[in-house]
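Given next are the chains, with one letter for each unit.
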Amino acid sequence: MEILEVSPQIFDATFPKPSHVFNTGKFNELNASRFEVVYYLLFKDSKTRLGIAFGLKDNVLLSPFSAPYGGFENVSSDIKLYQIDAALEALSQWAENKGIVGIRILPPSTFYTPDFSAKMTNCLYRAGFTTQNIELNYYFQTDNFSDSYSQTIWYNAKKNLNKSLSYGLTFEKLAAENGSVAHAIIGQNRSERGFPMRLTWEQLETTSVVIPVDYFLVKDADTPIASAIIYHVAPSIVRVVYWGDLPKYSDFKTMNFLSYNVFKYYKEQGIKTIDIGHSTVDSIPNNGLCEFKEGIGCSIDLLTEYYKSLV
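Because the structure is predicted, anything quoted here is derived from the model rather than measured.

Caption draft 1: Main features of the packing of aromatic side chains. If you walk through the whole model with that rule in mind, you get 24 aromatic pairs. For the pair Tyr-39 and Trp-94, a centre-to-centre distance of 5.0 Å together with 85 degrees between the ring planes defines the contact as edge-to-face. Placement of Tyr-39 in strand β2 (residues 37–44) and of Trp-94 in helix α3 (residues 81–97) is noted, with a sequence separation of 55 residues between them. Its relative accessible area of 12% is what places Trp-94 among the buried residues. Through pairs of rings, three or more aromatic residues link up here, namely Phe-22, Phe-27, Tyr-69, Phe-111, Tyr-112, Tyr-139 and Tyr-231.

Caption draft 2: Local environment of the nonpolar core. In terms of nonpolar packing, the biggest core is built from 60 residues, with Val-233, Trp-243, Phe-263, Tyr-266 and Ile-274 touching the most fellow members. Examining the composition of this core, we find that eight residues originate from one element, strand β10 (residues 223–234), more than from any other. Apart from the residues within four sequence positions on either side, Phe-263 is in contact with Phe-140, Thr-142, Phe-145, Tyr-149, Ile-274, Ile-276, Ile-296 and Cys-298. One finds Ile-84, Ala-87, Trp-94 and Met-120 within the second-largest nonpolar core, a separate group that totals 28 residues.

Caption draft 3: How the structure looks around helix α7 (residues 179–193). Helix length check: α7, at 15 residues, gives a terminal C-alpha distance of 22 Å against a target of 21 Å (1.5 Å per residue), a fit within 8%. Those residues of α7 lying buried are Gly-179, Ala-182, His-183, Ile-185, Ile-186 and Asn-189. Relative to the axis of α7, the buried residues are bounded by an arc of 155 degrees and lie together on one face. Positive phi appears at Gly-194, one or two residues downstream of α7, with a value of about 80 degrees.

Caption draft 4: Broad picture of unusual backbone geometry. Backbone torsion omega between Ser-63 and Pro-64 reads 10 degrees, so that peptide bond is classified as cis. Mapped onto the secondary structure, Pro-64 falls in the loop between β4 (60–63) and β5 (73–74). Its identity is not glycine, yet Asp-282 carries a phi of approximately 55 degrees, on the positive side. By the secondary structure assignment, Asp-282 is in the loop between β13 (280–281) and β14 (284–285). What makes Asp-282 exposed here is its relative accessible area of 53%. Residue Ser-283 is not a glycine yet carries a positive backbone phi of 75 degrees.

The rules behind these values
- Residues numbered from 1 in each chain as written.
- Predicted model: local features only at pLDDT ≥ 70, side-chain atom pairs only at ≥ 80, totals over all residues.
- Heavy atoms only, no water.
- Phe/Tyr/Trp six-rings, centres within 6.5 Å; stacked < 30°, edge-to-face > 60°.
- Helix = DSSP H or I, 4+ residues; strand = E, 2+ residues; numbered from the N terminus.
- Buried < 20%, exposed > 50% of the residue type's maximum accessible area, 1.4 Å probe, protein only.
- Core = buried A, V, L, I, M, F, W, Y, C linked by side-chain atoms within 4.5 Å.
- Contact = heavy atoms within 4.5 Å.
- Expected span 1.5 Å × (residues − 1).
- Arc of directions from axis to C-beta.

Here's what the structure looks like:
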């Protein structure tokens, strides 16, 4: 198996329909300057079979290097196990020849590409990659949203949703040029709760050139009290980048109101899956977040991080 180092443009031309937007050259170039080197690799025998984008930091290859997940792309869904095996062997040899000390790969949850994910998991294991972290990743299937939604969720979630609906709150989708309002709500939420806000409004504006972004707002009369920022990351899949409320309005159960309306909106838009994101950090759960997401009807998948030492 031959490895080709290509430009981000050639990488994107090779994978015109990637499994998710974080595996595109256009997205990864947004953050390329923060890393020592960015590699766009194609794996080829008689044909190009696979590709992956890596950022190099502290002499370790990272995929993703500035995203929630990365991993391999395949040219064809009928890729064979032996072809993946050959690509992983070639990758290790290529990296060793460059004096790289390790390879870290975090693929997306399996609901993005179930069959390919299963193949990759098996092949990574046999190629000597070890599990570093197993995060709990939550997602909502909009097929589960209906007029009887409140009857299917946990008792406390139902009680909180009914309470939120009694306050006369409103939900709206913002025009892109007004997205800073949603961003400011998230920023205040994070500041008051002592969490960092890693994505500035300017960075979000830049990202929105590459990724379609939706902005939502919850209001009490004319006062914005909660918001959501959501990426379109794959066909029929969106991902919640941020959502949150102003803590002083928590008695309104605004997050139950917000999640309910986000689910309803994307159901009506024909989106199949809402990736809510993980609620663990280095495998340690935030129990409150886990229970909230399970309570509102989310399913759970895994984000498994793999590492191979080359020294």
